[in-house]
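Structural features, examined
For reference, the chains in residue letters:
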Amino acid sequence: MSALRSDSTKQYYATSSLVVGYALCSSLLAVINKFAITKFNYPGLLTALQYLTSVLGVWVLGKFGFLHHDAFTWDTAKKFLPAAIVFYLAIFTNTNLLRHANVDTFIVFRSLTPLLVALADTTFRRQPCPSKLTFVSLLIILGGAVGYVATDSAFTLTAYSWAFAYLVTITTEMVYIKHMVMNLGLNTWGFVLYNNLLSLMMAPIFWVLTGEYSEVFAALGANGGDWFEPVAFTAVSLSCLFGLLISFFGFAARKAISATAFTVTGVVNKFLTVVINVLIWDKHATPFGLICLLSTVAGGVLYQQSVTGPPRESAVQADEKDAEENQSKSVSGKHASV
């Protein structure tokens, strides 16, 4: 009994560490990316540099034995490609949203995702319907976020367009990536490698489609030396570093908690983002808006309390059942071929 309790305690602290790591990286990355995009106004190239840093980081650390990642194979890449496309679109729309809007706008649309992810989890991934307490907590998060941004500056049409695109892609990414994590069988660093390498391969396509390549070449010809200005270089470097860290903590946390809990964690940790936003930029909400934000945090705490019982165990069992069914189908397919 004591051994089981010890294992349970270790698992609790391990999961908590992953969630805290993801929360810190997510909070700081939003501000760092906003700062980077103001100093380096090329969202496609910025995200490509993040992908490149993550790929090189995993490959180099793997070569020196500091970590282990699954080998890259084209068969696995083909299976992972749909998830990588959704991931790229989520990051692409996120960066362009930060380019055209303030951090508050990003927060409110990010806060809408837990409710949508909970519905998608129930509909597509056979997870239990949210309890009444869980549903109320999600509505509190939504209401607090909407009230917060309602006290802020008006949105532009361009910002709204990127915000809705981000809402659709991030909701799809949260649910679909969770499915891939539970069923593809890669370790955490393997997911980081595949996700970022495939996204890096897609980057030139979006450079051409958006016309950003012409802006980059024009800037290189006009004032290429300004790219190495210390402030811009530092902002881009920090953005790339935190991109690598959030890749690890993000995939590890997805394995440890449900898709909705992962999404709520991302929403609640935006409290730190807002604090930094208030200190750095002059466009932010009123004191009433900050009270609304506190209600969003309270909703996140209430949600965590509502899913610490049997529903969370059922969600895990559902994921494990999916993995077992896929494995049995694979085995039976091999026997049939023999």
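Please read these numbers as outputs of a predicted model, since none were measured by experiment.

1. Structural notes on the overall build of the protein chain
Scanning the protein chain for helices and strands turns up 14 helices and 0 strands. Walking the protein chain from its N terminus toward its C terminus, one meets helices and strands in the order α-α-α-α-α-α-α-α-α-α-α-α-α-α. Taking all 338 residues of the protein chain together, the buried fraction comes to 48%. Pairs at least 24 residues apart make up 89% of the contacts formed inside the protein chain by residues separated by at least 6 positions. In the structure as shown, the protein chain presents an accessible area of about 16,500 Å², 69% of it carried by carbon and sulfur atoms.

2. Section: the packing of aromatic side chains
Centre-to-centre distance and the angle between the planes together describe a pair of aromatic rings. Tallied over the entire structure, the rule returns 13 aromatic pairs. A centroid spacing of 5.3 Å and a plane angle of 75° characterise the contact between Phe40 and Tyr42, whose relative ring orientation is edge-to-face. Taking the relative accessible area as the measure of exposure, Tyr42 reaches 14% and is therefore buried. Counting every residue linked through ring pairs, the aromatic cluster contains Tyr51, Phe87, Tyr88, Phe92, Trp162 and Phe206.

3. Looking at the side chain of Asn96
Inspection of the secondary structure assignment puts Asn96 in helix α3 (residues 74-100). On the basis of relative accessible area, Asn96 is assigned to the buried category, the value being 4%. If we skip the residues at most four places from it in the chain, Asn96 touches Pro43 and Trp162.

4. Focus: a nonpolar patch on the surface
Taken together, the side chains of Val20, Leu24, Phe271, Leu272, Val275, Leu279, Ile280 and Leu294 present a nonpolar region at the surface, about 710 Å² in accessible area. Mapped by element, the contributors of at least two residues to the nonpolar patch are α1 (2-39) and α12 (270-280). Considering each element in turn, the nonpolar patch owes the most residues, 5 residues, to α12. Topologically, Leu279 is positioned in helix α12.

5. Details of the nonpolar core
Of all hydrophobic cores here, the largest spans 33 residues; its most connected members are Tyr22, Leu97, Phe106 and Tyr148. Looking at this core, the elements that each hand over two or more residues are α1, α3, α4 (103-111), α5 (113-124), α6 (132-150), α7 (157-184), α10 (230-256) and α13 (287-306). Per-element tally for this core: the top contributor is α7, with 7 residues.

6. Some details on the packing of helix α2 (residues 43-63) against α3
Contact pair α2 / α3: the axes reach a minimum separation of 10 Å and the direction vectors enclose 130°. Between α2 and α3, the angle falls in the class oblique. Of the two possible hands of crossing, α2 and α3 adopt the one that is right-handed. Between α2 and α3, the residues in contact are Pro43, Thr47 and Tyr51 and Phe87, Tyr88, Ile91, Thr95, Asn96 and Arg99, respectively.

7. So, the environment of Ser239
If you trace the backbone, Ser239 turns up in helix α10. Overall, Ser239 belongs to the buried group, its relative accessible area being 0%.

8. A few points about α4
Across the 9 residues of α4, 9 count as buried, placing the element largely inside the fold. If you check which residues of α4 are buried, you get Val103, Asp104, Thr105, Phe106, Ile107, Val108, Phe109, Arg110 and Ser111.

9. Structural notes on the confidence of the model for the protein chain
Put simply, the protein chain has an average pLDDT of 76, and 77% of its residues get 70 or more. Averaged over each element, pLDDT in the protein chain is lowest for helix α14 (residues 310-337) (42) and highest for α2 (90). Scored below 50 in pLDDT, residues 309-338 shows 20 contacts in the model against residues more than four places distant or in partner chains.

10. Considering the packing of α2 against helix α8 (residues 188-210)
Geometrically, a packed helix pair is captured by the angle between its two axes and the distance between the axes. Direction vectors running N to C along α2 and α8 enclose 150°, while the axes themselves pass 8 Å from each other. The handedness of the crossing between α2 and α8 comes out as left-handed. Across the interface between the two elements, Gly44, Leu45, Ala48, Gln50, Tyr51, Leu52, Ser54, Val55 and Val58 from α2 touch Trp189, Val192, Leu193, Asn196, Leu197, Ser199, Leu200, Ala203 and Trp207 from α8.

11. Overview of the environment of Asn195
For Asn195, the position within the fold is in helix α8. The exposure class assigned to Asn195 is buried, which follows from its relative accessible area of 1%. With 110 residues separating them along the chain, Asn195 and Ile85 place their C-alpha atoms 8.8 Å apart. The residues touching Asn195, leaving out its near neighbours within four places in the chain, are Phe80, Ala83, Ala84, Phe87 and Phe251.

The rules behind each value
Residues numbered from 1 in each chain as written. Predicted model: local features only at pLDDT ≥ 70, side-chain atom pairs only at ≥ 80, totals over all residues. Heavy atoms only, no water. Helix = DSSP H or I, 4+ residues; strand = E, 2+ residues; numbered from the N terminus. Buried < 20%, exposed > 50% of the residue type's maximum accessible area, 1.4 Å probe, protein only. Contact = heavy atoms within 4.5 Å. Areas by Shrake-Rupley, 256 points an atom, 1.4 Å probe, with all protein chains shown as cover. Phe/Tyr/Trp six-rings, centres within 6.5 Å; stacked < 30°, edge-to-face > 60°. Patch = residues over 30% accessible without salt bridge, like charges linked within 9 Å, V, L, I, M, F, W, Y side chains within 5 Å. Salt bridge = Lys/Arg side-chain N within 4 Å of Asp/Glu carboxyl O. Core = buried A, V, L, I, M, F, W, Y, C linked by side-chain atoms within 4.5 Å. Axes fitted to C-alpha atoms, helices over the stretch in contact; angles between N-to-C directions. Parallel < 35°, antiparallel > 145°, perpendicular 65-115°, else oblique. Left-handed = near helix turned anticlockwise from the far one by under 90°. pLDDT = per-residue confidence, 0-100.

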